[in-house]
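Structure at a glance
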Amino acid sequence: MTRAVVLGGGLAGVLAAVALTRHADEVVVLESDRYPAGPRPRRGLPQSHHNHVLMTGGIRALDELLPGVVDDLLTAGAHRRNLPGDCLIFSGEGWFHRVRTEADLIACSRPLLDEVIRRHAGIEVNEGVRAVGLTGDAEKVTGVRTGTGALLGADLVVDATGRRSQAPGWLAALGVPPVEEVTVPSGVAYATRLYEGSGDVPAVMVHPKYSPARGGTLFPIEGGRWIVTMTGDPPLDEAGFLAYARELRDPVIADLIEKAEPAGPIRPCHDTANRRRYFENAQLPEGFLAVGDSLVTVNPVFSHGMSVAAMSAVRIAEEGPSQRAAAEVADRSWRMAVAEPRKGGNAKVGRAVLSSAGLAAELFHGQALIPAVRDHQAVFRAMVDDLVEPLTAEQAISQFAWAR
Ligand SMILES: Cc1cc2nc3c(=O)[nH]c(=O)nc-3n(C[C@H](O)[C@H](O)[C@H](O)COP(=O)(O)OP(=O)(O)OC[C@H]3O[C@@H](n4cnc5c(N)ncnc54)[C@H](O)[C@@H]3O)c2cc1C
């Protein structure tokens, strides 16, 4: 293959570009947005205001693709927390015991994560260039049309334009039959706010037990700040946000933020639906591949999307561009987030509340997004085994030095 053109310079696009340098003579990345000078949110990535944690599967994939990048992130101020060893988690079934496992998460702002990865990857991105269509026909994609009317030839075009991807329409314009798309509403909105806070807190997660799926998280990030997110139907005013945090199943997050200084406005996010585009089942022309959120996007409560992007990139690096391989990674995330219809029914249902210990355990160990957690039984026991005494809130919180 001589030239690959990647559409979208978000995480999936940059990582796919890294992977493709092993298979193409030239890799060109087109990004409609412009990157800010320094790690700041940008228009093309509205979710960059919200918390983004990288789970174990993503951490490992990133380090495989770009050795040393995880150390770069930690040096830049990201925090690593063992899961659940360094996390204060109130699941639907009760408080987690502190158990160390091989699973970790990395918490930092999304802009920092993207900037460190881009810098480390050394991929040149053509900023301010919007893709508006494909060239070729139903048999073969031969290039890309940009917003200025320019045509760029390519042997492979990779769609990494995210959850609002227009690729199905671009393919239809070439005469390709429709790509099946399934959307399952998550029923939750997000509201996020930054606070000045110390880095010695655990990652805090208060999961909902019943619908409406009201929950909250607090993660330490770079620069001595916390990123605090309320999920469900959170209000956007100061008093309402705090009251909402206090009314969660436990007020630990409210207790923390009440004493902290806010470091920005409360930002909403309503774009949380689960969506799967089955590109792998379509009669795709040669020379086209979809990755990242374009292929699958799940309710952010699962914290999967970046890991899916990284794990797909590893598959591309190893196997070459393959829609089937990218879809295999995407499907694990999709199956976790969306329950199959019951017999006789036809509606898929989002499973987003993480309300049962079984479901949360599946998230933490049953899922290949956290692969090879050898001591996964320990995680499971910490959550569901009757032999483990349930913790009171006081006992759970006092497991951490910050609370003493
Ligand atoms: C509120 C929220 C919280 C989340 N939290 C987490 C989390 O904790 N952990 C996790 O792993 N995932 C999380 N996610 C998911 C994560 O944001 C995505 O999975 C991830 O960003 C996917 O990357 P992407 O590159 O596919 O898409 P994006 O990151 O959306 O990037 C798409 C890029 O394409 C560009 N673009 C768009 N159209 C064009 C065009 N026509 N031409 C050229 N460029 C174009 C955009 O400007 C953008 O840079 C969260 C998502 C949301 C909404």
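Look up: the structure comes first, before these words.
Heads up: these notes are all about the structure in this document. (Residues numbered from 1 in each chain as written. Predicted model: local features only at pLDDT ≥ 70, side-chain atom pairs only at ≥ 80, totals over all residues. Heavy atoms only, no water.)

**Description of the overall build of the chain**
- From N to C terminus, the chain includes twelve helices and 24 strands.
- Within the chain, residue pairs in contact and separated by at least 24 positions form 71% of the contacts whose partners lie at least 6 positions apart.
- Carbon and sulfur atoms provide 49% of the accessible area of the chain, an area that totals close to 16,600 Å². (Helix = DSSP H or I, 4+ residues; strand = E, 2+ residues; numbered from the N terminus. Contact = heavy atoms within 4.5 Å. Areas by Shrake-Rupley, 256 points an atom, 1.4 Å probe, with all protein chains shown as cover.)

**Topic: a negative patch on the surface**
- There is a patch of like negative charges on the surface, built from Asp 63, Glu 64, Asp 71, Asp 72 and Glu 318.
- Those elements giving two or more residues to the negative patch turn out to be α2 (56-65) and α3 (69-75).
- As for its position among the elements, Glu 318 is in helix α8 (residues 305-319). (Patch = residues over 30% accessible without salt bridge, like charges linked within 9 Å, V, L, I, M, F, W, Y side chains within 5 Å. Salt bridge = Lys/Arg side-chain N within 4 Å of Asp/Glu carboxyl O. Lys, Arg positive; Asp, Glu negative; His and termini not counted. Charge placed at Lys NZ, Arg CZ, Asp CG, Glu CD.)

**A word on the site of the ligand**
- Lining the immediate surroundings of the ligand are 34 residues, of which Glu 31, His 52, Val 53, Arg 110 and Asp 293 lie closest.
- With respect to the ligand, the backbone of Ala 12 contributes an N or O atom lying 2.9 Å from an oxygen atom.
- Between an oxygen atom of the ligand and a main-chain N or O atom of Val 53, the distance comes to 2.8 Å.
- Elements with a minimum of two residues in the shell around the ligand: α1 (11-20), β2 (26-31), β3 (52-55) and α8.
- Top element by residues in the shell around the ligand is α8. It accounts for three residues.
- Grouping the amino acids of the shell around the ligand by side-chain chemistry returns twelve nonpolar, 15 polar and seven charged.
- If you count residues domain by domain, the shell around the ligand takes at least three from each of domain 1 (3-32 + 128-184 + 273-338) and domain 2 (49-111 + 188-271 + 343-404). (Near = heavy atom within 4 Å. Polar contact = N/O pair within 3.5 Å; in protein donor to acceptor, adjacent residues only side chain to side chain. Nonpolar A, V, L, I, M, F, W, Y, C, P; charged D, E, K, R; others polar. Domains from an automatic or database assignment.)

**Focus on empty space enclosed by the protein**
- Scanning the entire structure with this criterion turns up one cavity of 30 Å³ or more.
- Roughly 80 Å³ of volume is contained in the largest cavity.
- Lining of the largest cavity is provided by 13 residues; of these, Pro 36, Arg 40, Arg 42, Pro 111 and Arg 118 occupy positions nearest its centre.
- For the lining of the largest cavity, the per-class residue count stands at six nonpolar, two polar and five charged. (1 Å grid on protein atoms, 1.4 Å probe; cavity = no way out; pocket = protein on both sides within 12 Å on 5 of 7 lines; lining within 4 Å. Points joined across faces, edges and corners; volume = space filled by probe spheres on them.)

**Structural notes on the layout of surface pockets**
- Its boundaries defined by the atoms lining it, the second largest pocket holds a volume of some 250 Å³.
- Lining the second largest pocket are 19 residues, and of these Pro 41, Ser 48, His 49, Leu 194 and Arg 225 lie nearest its centre.
- Sorting the residues of the lining of the second largest pocket by element identifies α4 (110-121), β14 (189-196) and β17 (225-232) as the ones contributing at least two each.
- In terms of residue count, β14 provides more of the lining of the second largest pocket than any other element does, three residues in total.
- Looking at side-chain class alone, the lining of the second largest pocket contains seven nonpolar, six polar and six charged residues.

**Re the environment of Ala 160**
- Its place among the elements puts Ala 160 in the loop between β12 (156-159) and α5 (167-173).
- By relative accessible area, which is 9% here, Ala 160 ends up buried.
- Taking the C-alpha atoms as reference points, Ala 160 and Leu 7, 153 residues apart in sequence, are found 5.4 Å from one another.
- Each residue touching Ala 160, except ones within four places of it in the same chain, is listed here: Val 6, Leu 7, Gly 8, Ala 12, Gly 13 and Val 291. (Buried < 20%, exposed > 50% of the residue type's maximum accessible area, 1.4 Å probe, protein only.)

None of this, on its own, says anything about what the molecule does.
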